[in-house]
Every structure is written in structure tokens, then in C-alpha cells.
Amino acid sequence: MFSDSNLSPFFSETAKAMSSSREVLSLYRDFLRVGRKFSNYNVREFVKRRAREGFREGQALTDPATISAAVKQAKDQLAVAKRQSVVYSLFAQPVKSIMELKTAVGDQSVTVAKA
């Protein structure tokens, strides 16, 4: 009824879609990892927020050519973020943001935001 020649195009398309989704998920994780390397709270949060927004926008893409162009653009932006994390680490300020400092409330010490 079904021969291997009839199923191979289906499986190859499915395999491409799975590898593409794995690649996209890997890119997203890489963005979050790079974002954690920034010492500045505002920059860290910006990178996380921008990655989240960009990948949510990409969920609506269906055309394979558009998806591959978006993946290429994400890889280029990831390379820029990696370079910037190195530059920021070279010129990091020793003073933390108010969002990262511990504040004393009564007898307890409360962390405002996790680093």
C-alpha cells in the first residue's frame, strides 16, 4: 500500500522541520545565556526581553524561506550580542543597579531582584 518512495518526502520534510525547530530553540537558549553574561541589569533585561519578543514574532512565520532568513538574522544578532557581552565585561562598573542591591526591611534583608 505505502512504499518507501511515497513516504520519504514526508519524512524528509518532517525531519527538516524538527531540525529547524531544534535549531530555533537552541538559538533562543543561546540568547538567554548570552544575556546572563551582561553585568549591567538593564542590558541583561533588554537582551532577555528582545529575545523573547523576537522569537514570539517568529512563531507566526510559515514560509520556509522566511523562516531560514529569520534564523540567519537571529544568528547574526546572537554574534553581535556575544561581542557586546565581551566589550561590556571589559568596561563593567563595580556599582550594581538599585534592582540588584539588597535592602534592609526591619530586621530582614530582602533581595529586590535576582542577578
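In this report, the structure presented in the accompanying data block is examined. (Residues numbered from 1 in each chain as written. Predicted model: local features only at pLDDT ≥ 70, side-chain atom pairs only at ≥ 80, totals over all residues. Heavy atoms only, no water.)

1. Regarding helix α2 (residues 41–58)
Piece 1. Taking 1.5 Å of rise per residue, 18 residues should cover 26 Å, and α2 covers 26 Å from first to last C-alpha, within 8% of that figure.
Piece 2. Turning to α2, its buried residues are Y41, V43, R44, V47, A51 and F55.
Piece 3. The N-terminus of α2 is capped by N40, whose side-chain oxygen sits 2.8 Å from the backbone nitrogen of N42. (Helix = DSSP H or I, 4+ residues; strand = E, 2+ residues; numbered from the N terminus. Expected span 1.5 Å × (residues − 1). Buried < 20%, exposed > 50% of the residue type's maximum accessible area, 1.4 Å probe, protein only. Polar contact = N/O pair within 3.5 Å; in protein donor to acceptor, adjacent residues only side chain to side chain.)

2. Notes on helix α3 (residues 64–90)
Piece 1. Under the 1.5 Å per step criterion, the end-to-end length of α3 is 39 Å for 27 residues, consistent within 8% with the ideal 39 Å.
Piece 2. Restricting attention to buried positions, one finds in α3 the residues V71, A74, L78, A81 and S85.

3. Re the nonpolar core
For soluble globular proteins, the rule of thumb is that nonpolar side chains tend to be buried together.
Piece 1. Listed in full, the 12 residues of the largest apolar core are L27, F31, V34, F38, V43, V47, A51, F55, V71, A74, L78 and A81.
Piece 2. Taken together, the elements giving at least two residues each to this core come down to α1 (4–37), α2 and α3. (Core = buried A, V, L, I, M, F, W, Y, C linked by side-chain atoms within 4.5 Å.)

4. Focus on the pattern of salt bridges
Piece 1. Within the structure shown, the criterion is met by 5 salt bridges.
Piece 2. Between K75 and E23 there is a salt bridge whose closest N-O contact spans 2.6 Å. A residue pair is termed long-range when its members are at least 10 positions apart, and K75 in helix α3 and E23 in helix α1 qualify at 52 residues.
Piece 3. For K75, a relative accessible area of 41% puts it in the partly exposed group.
Piece 4. By relative accessible area, which is 31% here, E23 ends up partly exposed.
Piece 5. With a closest N to O distance of 2.8 Å, D30 and R33 form a salt bridge. Highlighted residues: D30 and R33, both in helix α1, separated by 3 residues, approximately one helical turn.
Piece 6. The exposure class assigned to D30 is partly exposed, which follows from its relative accessible area of 22%. (Salt bridge = Lys/Arg side-chain N within 4 Å of Asp/Glu carboxyl O.)

5. Here we look at a nonpolar patch on the surface
Piece 1. On the surface, V86, V87, L90 and F91 cluster together into a nonpolar patch covering about 420 Å² of accessible area.
Piece 2. Looking at where V86 falls in the secondary structure, it is placed in helix α3.
Piece 3. Residue classification places V86 among the partly exposed positions, given a relative accessible area of 47%. (Patch = residues over 30% accessible without salt bridge, like charges linked within 9 Å, V, L, I, M, F, W, Y side chains within 5 Å. Areas by Shrake-Rupley, 256 points an atom, 1.4 Å probe, with all protein chains shown as cover.)

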